[in-house]
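# Coordinates in review
Next come the chains, spelled out residue by residue.
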Amino acid sequence: MQGEEAVSGLLQAALAEKEFFIEGETYKAQELLALYIKKLVYLAGKLGNPVIPDFLVITLEQLSREVTELFLQVAERIGIPEGKLTLIDRRESFYYFAFSQQKELWLHDVCLFDNRGDEVWCRRLERDQRTMPQLVTISEEQRNIDRANKDASFLKIVSEVTGGHIVSAVYLTGDGFDGEWMKESLSFLCKGRRVFMGKNLYSKGACYAAARKCMTEENSWQFVYMGDNEMKVNVSLKVQSQGKTEFFTLISAGDNWYEQEAVVDVIPEHQDTVDLVVTPLDTKRRREVSIRLEGFPKRPERTTKVRVK
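Quick look at the structure, then. (Residues numbered from 1 in each chain as written. Predicted model: local features only at pLDDT ≥ 70, side-chain atom pairs only at ≥ 80, totals over all residues. Heavy atoms only, no water.)

### What about the overall build of the protein?
Helices and strands together make up the secondary structure of the protein, namely seven helices and 16 strands. With the principal axes as the frame, the protein shows a C-alpha extent of 80 × 60 × 35 Å. Residues classed as buried in the protein amount to 40% of the 309 residues present. The long-range fraction of contacts in the protein, counting pairs at least 24 apart against all pairs at least 6 apart in sequence, stands at 63%. Put simply, the protein has 42 plus and 47 minus side-chain charges, and the middle of one group is 4 Å from the middle of the other. (Helix = DSSP H or I, 4+ residues; strand = E, 2+ residues; numbered from the N terminus. Buried < 20%, exposed > 50% of the residue type's maximum accessible area, 1.4 Å probe, protein only. Contact = heavy atoms within 4.5 Å. Lys, Arg positive; Asp, Glu negative; His and termini not counted. Charge placed at Lys NZ, Arg CZ, Asp CG, Glu CD.)

Written as structure tokens, this is what we have:
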């Protein structure tokens, strides 16, 4: 608007702990980012939703420990309760979007082509039906489109990405698909597949993710996504309870690595180790890891409490 001062690159500025000087006042970029997120949540509230959402999911290009910690601080500033915010990258958003559609659209592999400028991100979603829950992976590669002959160039890309695979559905997103330049490539994609185009796939995927995380029914979601940000193993603590050996789960495979933190207090008895069990999803390479409790003062049995974090 006229007379207003725009602030851009807010996320990167907040990560760099920058400050902005606006109308004689100094503002931290983190404060402005929190205000921006709060305004977005408020806009959703004007549509009849609760001002404080049941669950907030934010989709980002990629995740990092620094980004996660920043948004946890933002959530605290705007009153989002602890544990009610999660961050996902665009691949995981695609995963939630794809499996929230009718079954015939994900009966086989699902492809996503994200075209921005000359770059096309090609993602193919696959699921292993032999496991329960079904293990889902996404293969990804970045390709370039020849501007001189976009249609033929894109046709070559999609034929190579889908080649040798049965694909149920294809999603096209990004500004690069604007215009009516897709002729042969679109004709190829539509043979035996459902094809959809739009620009809100990632935001819809975040909404589906939030809905899934609010679900409490058993077996309400039959998939586990294994991406770069997800734990690849289950981590359990081996304990004795009422004379029986039990395994107390600390971390579950499929949980977001950046958000997981498990804390449990134990009382050692006749042992000087804490025993962890690390189990991959295939369960065939399970291993036990013992951590020695060294440097503790000598005390009578059952009088020392150890916190495992």
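### Some thoughts on the side chain of Gln134
By the element assignment, Gln134 lies in strand S7 (residues 134-144). A distance of 2.6 Å separates the side chain of Gln134 from the side chain of Arg127, its partner in a polar contact. The contacts of Gln134, once residues within four sequence positions are left out, are Arg127, Asp128, Gln129, Gln222, Phe223 and Val224. (Polar contact = N/O pair within 3.5 Å; in protein donor to acceptor, adjacent residues only side chain to side chain.)

### What to know about the environment of Asp146
Assignment of secondary structure puts Asp146 in the loop between S7 and helix H5 (150-162). Along the primary structure Asp146 and Gln12 are separated by 134 residues, whereas in three dimensions their C-alpha atoms are 31 Å apart. Here Ala148 takes part through its backbone nitrogen, which lies 3.1 Å from a polar atom of the side chain of Asp146.

### Quick word on the pairing of S7
Regular strands show a simple pattern: their side chains alternate between the two faces of the sheet. As paired elements, strand S6 (residues 119-128) and S7 share 10 bridges and run antiparallel to each other. From the neighbouring strand, Val120 faces S7, where its bridge partner is Arg143. Where S6 hands over to S7, the hairpin turn is made up of five residues, counted between the paired strands. (Pairing = 2+ DSSP bridges.)

### A short note on the sheet that holds strand S15 (residues 287-292)
Pairing is antiparallel across the open sheet formed by four strands, whose spatial order is S12-S11-S14-S15. Sheet topology places strand S12 (244-251) and S15 at the edges, where each strand pairs with a single neighbour. Between one strand axis and the next, the sheet turns through 35° on average, direction left out of account. Two strands pair when backbone bridges link them, and strand S14 (residues 273-280) and S15 are joined in this way by six bridges, in the antiparallel orientation. What sits directly across from Val278, in S15, is Arg287. (Axes fitted to C-alpha atoms, helices over the stretch in contact; angles between N-to-C directions.)

### Points about helix H3 (residues 65-78)
For an α-helix the count is 3.6 residues per turn, leaving residues at separations of three or four pointing the same way. Between its terminal C-alpha atoms H3 stretches 20 Å, which fits the 20 Å expected from 14 residues at 1.5 Å a residue. Within the sequence span of H3, burial applies to Val67, Thr68, Leu70, Phe71, Val74, Ala75 and Ile78. Buried residues along H3 cover an arc of 160° about the axis, so they all sit on one side. Exposed and facing more than 90 degrees away from the buried side of H3 are Glu66 and Glu76. If you follow the buried residues of H3, they end up packed against helix H1 (10-15), helix H2 (29-45), strand S3 (56-60) and strand S4 (85-89). At the C-terminal side of H3, Gly79 shows a positive phi close to 85°. (Expected span 1.5 Å × (residues − 1). Arc of directions from axis to C-beta.)

### Brief notes about the nonpolar core
Counting residues in each nonpolar core, the largest one holds 26 residues, and the members touching the most others are Phe94, Tyr95, Phe99, Val110, Leu125 and Tyr171. Those elements that provide at least two residues to this core are helix H4 (90-98), strand S5 (109-116), S7, strand S8 (167-173), helix H7 (201-213) and strand S10 (223-225). Not counting the four nearest positions on each side in its chain, Phe99 is found in contact with Trp106, Leu125, Arg127, Val136, Arg212, Trp221 and Phe223. By size, the runner-up hydrophobic cluster in this structure holds 24 residues, among which are Ala14, Phe71, Val74 and Ile78. (Core = buried A, V, L, I, M, F, W, Y, C linked by side-chain atoms within 4.5 Å.)

### What to know about the environment of Gln101
On the secondary structure map, Gln101 appears in the loop between H4 and S5. Using a relative accessible area of 19% as the deciding quantity, one classes Gln101 as buried. Between the C-alpha atom of Gln101 and that of Tyr208, which follows or precedes it by 107 residues, the distance is 9.9 Å. Ignoring sequence-local partners within four residues, the contact set of Gln101 consists of Trp106, Tyr171 and Tyr208.

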